[in-house]
Amino acid sequence: DTALRALQLQRAAVAGQAVTADFIRDLERWEDDIELKDRQLRETASVLKSNEFPVRGGRMPVSTTPPTTSASGGKAAAPAEGAGANGQRISSFDYRAWDKLNVDDMLAKEEAAEQQRASTKQARAPSSLEEDLLLDSQKEQSLREHLSLQEKEKGNAQYKQGKYEAAAVCYTRGLEYDPLNAVLAANRGMAYLALKRFKEAEADCSLAISQDPKYIKAFSRRAAARAGLGRHADAIADLKEVLRLEPANTEAQKELEKQRKALSEAEQAARASFNPLKSLDSVKTGMRRVPIVEIGERIPDPPAAPAPA
């Protein structure tokens, strides 16, 4: 009996050890599960703290904040607290407080805040369509300026070769690309001057001056065009403007004296050619005698026309 009892006790001890080992394994698994849940709660608390709530149905954002370093030099533990509905922090282990947390309400508030931020950003920044249109307009303007510059260079080359008509054509194409280019307008006016097309030259120089009121060459060329039209007083006014903008311009000073002399000669020629008697003769042309008739007197009938033969 004693041997049998000893054997039973030994078997019971072995079985107890097996049960204890199973219990220890279950305890370790439970600890692992608790540690996993605690880590998840810490991550959730970190998200709640940084107010990075995802849109409902979206993915939970991953925190990109690097881990802080403790005073001892090692990595500090992740934040173990979150913010409740009343703004107070909730401990990671306070499961009752976490159960009472209204996550839907917090997500709704965050969605409203996100929509407000998005609407503010949209109102402040232009839409993608407006940005594309602005970019296309800038590209088109840059291309037009480049093409107009090419036409100007071609026109300058033609002008130097004495091909004034071809130069005017190049400047015209350049103005089609860049209508507000004062240099192109003044250069075409210069080509028209060489062709003695003074009216067109004056119009182009006036266009250049309207775009650049201080364009000295445009004033000088318009003065030459007006002189070619015989309008010496207007040419003198342009030359005075050139000297106002550039007092040391010797060419303008010489041309001004020349135009003053031409204006004086034109006025003298006009005075010399004036004949008042010639004007009276032109008035007498076509005059006929009219009989004087007293009031109440019968006007005689005109003589009868002769009968045809």
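What you see is a predicted model, and the numbers here were worked out from it, not measured in a lab. (Residues numbered from 1 in each chain as written. Predicted model: local features only at pLDDT ≥ 70, side-chain atom pairs only at ≥ 80, totals over all residues. Heavy atoms only, no water.)

Caption draft 1: Spotlight on the overall build of the protein. A count of helices and strands for the protein gives eleven helices and two strands. When the helices and strands of the protein are read in sequence order from the N terminus, they spell out α-β-β-α-α-α-α-α-α-α-α-α-α. Residue burial in the protein is summarised as follows: out of 309 residues, 21% are buried. In the protein, the proportion of contacts linking residues at least 24 apart, taken out of those at least 6 apart, comes to 44%. (Helix = DSSP H or I, 4+ residues; strand = E, 2+ residues; numbered from the N terminus. Buried < 20%, exposed > 50% of the residue type's maximum accessible area, 1.4 Å probe, protein only. Contact = heavy atoms within 4.5 Å.)

Caption draft 2: Structural view of the packing of helix 9 (residues 232-245) against helix 10 (residues 250-272). Closest axis-to-axis distance for the helix 9/helix 10 pair is 9 Å, and the angle between their directions is 160°. Taken together, the axes of helix 9 and helix 10 are roughly antiparallel relative to one another. Between helix 9 and helix 10 the crossing geometry is left-handed. Counting all contacts with helix 9, which are made through His232, Ala233, Ala235, Ile236, Leu239, Lys240, Val242 and Leu243, the residues of helix 10 involved are Ala252, Gln253, Glu255, Leu256, Gln259, Arg260, Ala262, Leu263 and Ala266. (Axes fitted to C-alpha atoms, helices over the stretch in contact; angles between N-to-C directions. Parallel < 35°, antiparallel > 145°, perpendicular 65-115°, else oblique. Left-handed = near helix turned anticlockwise from the far one by under 90°.)

Caption draft 3: Quick peek at the pattern of salt bridges. Following the criterion strictly, the structure yields 13 salt bridges and no others. Its salt-bridge partner being Arg222, residue Asp238 comes within 2.8 Å of it at the nearest N-O pair. Taken together, the residues Asp238 in helix 9 and Arg222 in helix 8 (residues 216-228) connect sequence positions 16 residues apart. As far as the burial class goes, Asp238 and Arg222 line up, both buried. Salt bridges here are not isolated pairs; linked through shared partners, they connect Glu202, Arg222, Arg226, Arg231, Asp234 and Asp238. (Salt bridge = Lys/Arg side-chain N within 4 Å of Asp/Glu carboxyl O.)

Caption draft 4: Structural view of the confidence of the model for the protein. Chain-level pLDDT for the protein is 76 on average; 61% of the residues reach the 70-or-more range. The secondary-structure element of the protein with the lowest mean pLDDT is strand 1 (residues 81-83), recorded at 48, while helix 7 (residues 198-211) shows the highest, at 96. Throughout residues 52-82 the model reports pLDDT below 50, and contacts reaching past four residues in sequence, or to other chains, amount to 41 contacts. (pLDDT = per-residue confidence, 0-100.)

Caption draft 5: Region of interest: the packing of helix 8 against helix 9. Remark: helix 8 packs on helix 9, axes separated minimally by 8 Å, with the N-to-C direction vectors making an angle of 165°. Between helix 8 and helix 9, the crossing angle belongs to the class labelled roughly antiparallel. Of the two elements, helix 8 crosses helix 9, and the hand of that crossing is left-handed. Contacts from Ile216, Phe219, Ser220, Arg222, Ala223, Arg226 and Ala227 of helix 8 reach helix 9 at His232, Asp234, Ala235, Asp238, Leu239, Glu241, Val242 and Leu245. Grouping the constituent residues of the contact of helix 8 with helix 9 by class yields eight nonpolar, two polar and five charged. (Nonpolar A, V, L, I, M, F, W, Y, C, P; charged D, E, K, R; others polar.)

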